[in-house]
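Spelled out, the chains give:
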Amino acid sequence: MNNSVGNTARLIGAGLRALLVLTVICGIIYPLAVTGIAQALFHDKANGSEIKDKSGQVVGSSLIGQSYNVPKNDPDDAEEAPRPDLKWFQPRPSNGLGSNSVNTRYSLLLSGATNRSADNGAVNGKCTAGAEDGTLCAQVIAAKEAVVADNSTASYAVKPEDVPADAVTSSGSGLDPDISTAYAKLQVHRVAEQNKLDVKQVEKLVAEHTTGRTLGFMGEPRVNVLELNTALKALAKS
């Protein structure tokens, strides 16, 4: 009986010591080491890839897209469609920003695609004006018409065939922070006119904020919309 109690006590003691050691290693030393290495070697990424304006204020993350819309006439009207603020470069279409009916103190952020097939709503294999409302083709046709109308100015006419794919389709996550250089350049004349800037100034701004292919061969050149609009705000104020 005494041997059994002694063995049990030794096992409990060993278990408690193992628990204490592993708690210190895994719960204190390891997290501190990983955090220290991350802060030392990848300070920007470890803190959320923040983007700051000239005053040093954080305006967002370079990893998550933002919308640039004019305020709603009725903020509580969920049916009122958002309207783009044409002073700014616009990101890709996105269904990622939604309303939060569970806790209205927070804005719900949804990540995901439409899950509609590429030919959803197509007529004889093509997206036409006759596409059924609510289908992907109908959304693409409407988005293309809006892009042409919004970005055409008195001195610059946008042709439907000039509208790139990323201007009318969302990314897989719906939160893509980047747009193609083609879509950025398409918006230059409208942005310049709305902000009373010279077109050459805005073209230079786009060029300065264009990121090339990753490692020189992966992906396509891209423009981070938040970084570009932050620089545009500074230029418009100067």
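Residues numbered from 1 in each chain as written. Predicted model: local features only at pLDDT ≥ 70, side-chain atom pairs only at ≥ 80, totals over all residues. Heavy atoms only, no water.

(A) Spotlight on helix α7 (residues 225-237). In this model α7 runs 18 Å from its N-terminal to its C-terminal C-alpha over 13 residues, within 8% of the 18 Å that 1.5 Å per residue would give. Within α7, burial applies to V225, L226, L228, N229, T230, A231, L232 and L235. Of the residues that open α7, the one with a side-chain oxygen 3.2 Å from the backbone nitrogen of L226 is N224. (Helix = DSSP H or I, 4+ residues; strand = E, 2+ residues; numbered from the N terminus. Expected span 1.5 Å × (residues − 1). Buried < 20%, exposed > 50% of the residue type's maximum accessible area, 1.4 Å probe, protein only. Polar contact = N/O pair within 3.5 Å; in protein donor to acceptor, adjacent residues only side chain to side chain.)

(B) Region of interest: the packing of helix α6 (residues 199-208) against α7. Running from amino to carboxyl end, α6 crosses α7 at an angle of 145°, the nearest separation of the two axes being 10 Å. The handedness of the crossing between α6 and α7 is right-handed. Contacts from Q201, L205 and V206 in α6 reach L228, A231, L232 and L235 in α7. For the contact of α6 with α7, the residue count by class is 6 nonpolar, 1 polar and no charged. (Axes fitted to C-alpha atoms, helices over the stretch in contact; angles between N-to-C directions. Left-handed = near helix turned anticlockwise from the far one by under 90°. Contact = heavy atoms within 4.5 Å. Nonpolar A, V, L, I, M, F, W, Y, C, P; charged D, E, K, R; others polar.)

(C) Here's a closer look at the sheet that holds strand β8 (residues 210-211). Read from one edge to the other, the open sheet built from 3 strands follows the order β7-β9-β8, with strand pairing classed as antiparallel. Looking at the sheet topology across the chains shown, the edges are occupied by β7 (178-180) and β8. With 3 bridges connecting them, β7 and strand β9 (residues 222-224) associate as antiparallel partners. In the sheet register, I179 faces β9, and the bridge partner there is V223. Sheet strands touched by α7: β7 and β9. Its angle to β9, the strand with the most contacts, is close to 60°. (Pairing = 2+ DSSP bridges.)

(D) Spatial organisation of the packing of aromatic side chains. Applying the stated criterion across every chain yields a total of 1 aromatic pair. A ring pair is formed by Y68 and W88, whose centres lie 6.3 Å apart and whose planes are at 40°; its orientation type is tilted. Within this pair, whereas Y68 is found in the loop between β2 (58-61) and β3 (69-70), its partner W88 is found in the loop between β4 (83-84) and β5 (97-98), the two being separated by 20 residues in sequence. (Phe/Tyr/Trp six-rings, centres within 6.5 Å; stacked < 30°, edge-to-face > 60°.)

(E) Examining the environment of K233 more closely. Along the chain, K233 falls in helix α7. Residues K233 and W88, spaced 145 residues apart in sequence, show a C-alpha to C-alpha distance of 8.7 Å.

(F) Highlighting unusual backbone geometry. Its identity is not glycine, yet K196 carries a phi of approximately 55°, on the positive side. One can find K196 in the loop between α5 (188-194) and α6. For L215, which is not glycine, the phi torsion reads 60° and is therefore positive. Taking relative accessible area as the criterion, L215 reaches 69% and is therefore assigned exposed.

(G) Broad picture of the side chain of R92. Within the secondary structure, R92 is located in the loop between β4 and β5. R92 sits in the buried class, given a relative accessible area of 19%. Within polar-contact distance, the side chain of R92 engages the backbone oxygen of T169 at 3.1 Å.

(H) Structural context of the layout of surface pockets. In this structure, the second largest pocket occupies an estimated 340 Å³ of space. Forming the boundary of the second largest pocket are 15 residues, of which D53, V59, N229, T230 and K233 lie nearest the centre. With 6 residues, α7 is the largest single contributor of residues to the lining of the second largest pocket. Residue composition of the lining of the second largest pocket, grouped by class: 5 nonpolar, 5 polar and 5 charged. (1 Å grid on protein atoms, 1.4 Å probe; cavity = no way out; pocket = protein on both sides within 12 Å on 5 of 7 lines; lining within 4 Å. Points joined across faces, edges and corners; volume = space filled by probe spheres on them.)

(I) Representation of the pattern of salt bridges in the model. Under the criterion given, the structure shown has 3 salt bridges. Where R213 meets E220, a salt bridge forms, and the shortest distance between an N and an O atom there is 3.1 Å. Residue classification places E220 among the exposed residues on the basis of a relative accessible area of 53%. (Salt bridge = Lys/Arg side-chain N within 4 Å of Asp/Glu carboxyl O.)

(J) Spotlight on the pairing of β2. Where strand β1 (residues 50-52) meets β2, 3 bridges bridge the pair, whose relative direction is antiparallel. The partner of E50 across the bridge, within β2, is S61. The turn joining β1 and β2, which pair antiparallel and follow one another in sequence, is formed by 5 residues; a positive phi near 90° is taken by G56.

(K) The state of the cysteines, seen in detail. Counting across every chain of the model gives 1 disulfide. The disulfide that involves C127 links it to C137, with 2.0 Å between the sulfurs. Sign of the S-S torsion, about -60° for the bond between C127 and C137, identifies this disulfide as left-handed. Of this pair, C127 sits in the loop between β6 (108-109) and α3 (136-151) while C137 sits in helix α3, placing them 10 residues apart in sequence. On the basis of relative accessibility, which here comes to 36%, the residue C127 falls in the partly exposed class. (Disulfide = S-S within 2.5 Å.)

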